[in-house]
Amino acid sequence: MVSETSTQTNGHNAQLSLPIISITPYLLQLSPEVETQRANVSAAIHAACRDFGFFYLDISAISEPKETEELTELARRFFYSPQEEKDELSLSNQDHARGYARLKENVTNGKADNHEGIDFYRPVDNPDKTKPLWGENQWPTVPQFREKYEAWVEKMKMLGLVVMEAMAVGLGMTADEWKELRSSVDDSFWVMRAIGYPPLPNDHDGFSCGAHKDYGCLTFLHADTTLGALQVFLRRSGAGPDLSGLPAEQGDEEGVWITADPILGCVVCNIGEMWEIWSNGLYKSTLHRVVHRGSNYRVSVPFFFEPNLDALVKPLDAALRVQKKEKTALPSEGKAEKAKEYKPTVYGEFLMAKVGNNFANGKGKYVDD
């Protein structure tokens, strides 16, 4: 259920691989054979989260290529609409989070991103557009857009719970511990975006989407067939691939950018900062960016499976047990001090503090891929 795909490093001849992991065993009726397959899947996800923070997730058991092709085409129809029609769904109509953002309206690391997008969030009770994140979604009038995208939301919500269970098994969580963790994500404050990327102008001082880490839990990214756009930063430190001989490419952190090209039947999955807290740093949320210099108009649809707004996110006992076991296994001279525990946070409070940084006008929304 696990394989590898070669992805060329940005500007280097070295080849690095991201794993491809099939989630199919977690969708099959349980049997002794399937139980073994599930354990292998969980171990692979655990390793991928430790080594990369990114992996390809084969979802061909629940989604045919036609479905994601339709999502791409519907988004393309919307983005190709007259600008005045798109502006009718402007973020400013609602809570400055739900709706359409013009090209270069989104800002990452102080620079305008060369993309446009439309954002949707989990519907809320008693919506009030004067409150952050508490407005109503604005849907394009493109025929079948809402129908197809809402169906995708339901599928991704289901997938999120399945992957969370697989990760719980990979960490060695007990049934009661998984039940408690599940209660933190069973009313996910999900976010979905459709993003359109024209080619980067030669004189653009920035990126298609600047380097960033995701805020929340899990991201499932569908992208069209464009190659060489999504880039993932692999740190030199840690248990991941051997990056010796490759230069530092991201500030003070040593590592290398690799491309994560789309693979038919797969979404790109990465972990957000909430999993970094849950795992007490065992898993690291990974920097990624988009640099689209091709000649086509690229479309992507990231879905963010997030914790419940009121979820208290704190280091999991299972992760602390793994860290303690690994420390015990070290020779006495190699033992480090006890790992410092990450500070607990309420996801909704964390999100509110984060989203205000992404817009030039001080209002907030997600970025991504």
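Please read all numbers here as calculations on a predicted model, not as lab measurements.

As for the overall build of the protein chain
Line of reasoning, step 1. Scanning the protein chain from terminus to terminus reveals eight helices and 17 strands.
Line of reasoning, step 2. Taking all 369 residues of the protein chain together, the buried fraction comes to 54%.

Side note on the pairing of strand S7 (residues 116–121)
Line of reasoning, step 1. For S7, the buried fraction is high: six of the six residues fall into the buried class.
Line of reasoning, step 2. On S7, burial covers both faces: Glu116, Ile118 and Phe120 on one face and Gly117, Asp119 and Tyr121 on the other are all buried.
Line of reasoning, step 3. The pairing of strand S4 (residues 99–101) with S7 spans three bridges and is antiparallel. Residue pairing across strands places Gly99 opposite Asp119, the latter belonging to S7.
Line of reasoning, step 4. Taken together, the six bridges between S7 and strand S8 (residues 191–197) define a ladder with antiparallel strand orientation. Residue pairing in the sheet places Tyr121 in a bridge with Val191 of S8.

Comments concerning the sheet that holds strand S11 (residues 230–235)
Line of reasoning, step 1. The strand order across the open sheet formed by four strands is S9-S14-S11-S12, and the pairing between neighbours is antiparallel. The open sheet has two edge strands with one neighbour each: strand S9 (209–212) and strand S12 (255–259). Mean inter-strand twist for the sheet, computed between neighbouring axes without regard to direction, equals 20°.
Line of reasoning, step 2. Relative to strand S14 (residues 288–290), S9 runs antiparallel, the two sharing two bridges. Counterpart to His212 in the pairing with S14 is His288.

Here we look at the pattern of salt bridges
Line of reasoning, step 1. Overall, the coordinates contain 14 salt bridges when judged by the stated rule.
Line of reasoning, step 2. A salt bridge links Glu73 to Arg77, with the nearest nitrogen and oxygen atoms 3.5 Å apart. Residue Glu73 and its partner Arg77 are both found in helix H2 (residues 65–79); the two are separated by four residues, about one turn of the helix.
Line of reasoning, step 3. Residue class for Glu73 comes out partly exposed when judged on its relative accessible area of 36%.
Line of reasoning, step 4. Judged by its relative accessible area of 44%, Arg77 is partly exposed.

Some points on the packing of aromatic side chains
Aromatic rings in a pair are described by how distant their centres are and how their planes are angled relative to each other.
Line of reasoning, step 1. The final tally for this structure, using the stated rule, is 14 aromatic pairs.
Line of reasoning, step 2. Cluster of aromatic residues (ring-pair linked, three or more members): Phe78, Phe79, Tyr80, Tyr100, Phe120, Trp139, Phe145, Tyr149 and Tyr297.
Line of reasoning, step 3. Positioned above the aromatic ring of Trp257, the side-chain terminus of Arg289 is 4.0 Å from the ring centre.

Quick word on the environment of Val191
Line of reasoning, step 1. Assignment of secondary structure puts Val191 in strand S8.
Line of reasoning, step 2. For the pair Val191 and Phe304, spaced 113 residues apart in sequence, the C-alpha separation works out to 5.0 Å.

Details of a negative patch on the surface
Line of reasoning, step 1. A contiguous patch of negative charge on the surface is contributed by Asp176, Glu180, Asp317 and Glu341.
Line of reasoning, step 2. Topologically, Asp317 is positioned in helix H7 (residues 317–329).

Thoughts on the packing of helix H1 (residues 32–51) against helix H4 (residues 145–170)
Line of reasoning, step 1. In the contact formed by H1 and H4, the axes pass within 8 Å of each other and the chain directions differ by 85°. The angle between H1 and H4 places the two elements in the roughly perpendicular class. Taking contact as the criterion, the partners of Ser42, Ile45, His46 and Cys49 in H1 are, on H4, Ala166, Met167, Val169 and Gly170.
Line of reasoning, step 2. A breakdown of the residues in the contact of H1 with H4 according to their chemical character gives five nonpolar, three polar and no charged.

Focus on the packing of H4 against helix H5 (residues 175–182)
Line of reasoning, step 1. Running from N to C, H4 and H5 point in directions that differ by 145°, and their axes come no closer than 10 Å. In this structure, H4 meets H5 at a crossing whose hand is right-handed. Of the residues in H5, those touching H4 at Leu161, Met164, Glu165 and Ala168 are Trp178, Leu181 and Arg182.
Line of reasoning, step 2. Taken together, the residues that form the contact of H4 with H5 break down as five nonpolar, no polar and two charged.

Overview of the nonpolar core
Line of reasoning, step 1. One finds Leu218, Phe220 and Trp275 to be the most contacted residues of the largest nonpolar core, which totals 77 residues.
Line of reasoning, step 2. Here this core takes 12 residues from H4, the largest share from any one element.
Line of reasoning, step 3. Beyond its immediate chain neighbours, meaning those up to four positions away, Trp275 contacts Met164, Met167, Leu171, Leu181, Gly216, Cys217, Leu218, Tyr283 and Leu316.
Line of reasoning, step 4. In this structure, Phe52, Tyr197, Ala229 and Val290 belong to the second largest nonpolar core, which totals 20 residues.

A short note on the confidence of the model for the protein chain
Line of reasoning, step 1. Averaged over all residues, the pLDDT of the protein chain equals 88, while 84% of them reach at least 70.
Line of reasoning, step 2. Here residues 243–249 is a poorly scored stretch, pLDDT under 50, and it has 25 contacts once near neighbours within four places are set aside; other chains count.
Line of reasoning, step 3. Contacts from residues 358–363, a stretch scored under 50 in pLDDT, to residues over four places away or in other chains number 21 contacts.

Description of the environment of Ser295
Line of reasoning, step 1. With respect to the element layout, Ser295 can be found in the loop between S14 and strand S15 (298–305).
Line of reasoning, step 2. Each C-alpha atom of the pair Ser295 and Leu200 lies 9.0 Å from the other, and the pair is 95 residues apart in sequence.

Some thoughts on the side chain of His288
Line of reasoning, step 1. Within the secondary structure, His288 is located in strand S14.
Line of reasoning, step 2. Owing to a relative accessible area of 0%, His288 belongs among the buried residues under this scheme.
Line of reasoning, step 3. At a separation of 3.2 Å, a polar atom in the side chain of His288 contacts the side chain of Asp214.

What counts as what
Residues numbered from 1 in each chain as written. Predicted model: local features only at pLDDT ≥ 70, side-chain atom pairs only at ≥ 80, totals over all residues. Heavy atoms only, no water. Helix = DSSP H or I, 4+ residues; strand = E, 2+ residues; numbered from the N terminus. Buried < 20%, exposed > 50% of the residue type's maximum accessible area, 1.4 Å probe, protein only. Pairing = 2+ DSSP bridges. Axes fitted to C-alpha atoms, helices over the stretch in contact; angles between N-to-C directions. Salt bridge = Lys/Arg side-chain N within 4 Å of Asp/Glu carboxyl O. Phe/Tyr/Trp six-rings, centres within 6.5 Å; stacked < 30°, edge-to-face > 60°. Lys NZ or Arg CZ within 6 Å of the ring centre and 35° of its normal. Patch = residues over 30% accessible without salt bridge, like charges linked within 9 Å, V, L, I, M, F, W, Y side chains within 5 Å. Areas by Shrake-Rupley, 256 points an atom, 1.4 Å probe, with all protein chains shown as cover. Lys, Arg positive; Asp, Glu negative; His and termini not counted. Charge placed at Lys NZ, Arg CZ, Asp CG, Glu CD. Parallel < 35°, antiparallel > 145°, perpendicular 65-115°, else oblique. Contact = heavy atoms within 4.5 Å. Nonpolar A, V, L, I, M, F, W, Y, C, P; charged D, E, K, R; others polar. Left-handed = near helix turned anticlockwise from the far one by under 90°. Core = buried A, V, L, I, M, F, W, Y, C linked by side-chain atoms within 4.5 Å. pLDDT = per-residue confidence, 0-100. Polar contact = N/O pair within 3.5 Å; in protein donor to acceptor, adjacent residues only side chain to side chain.

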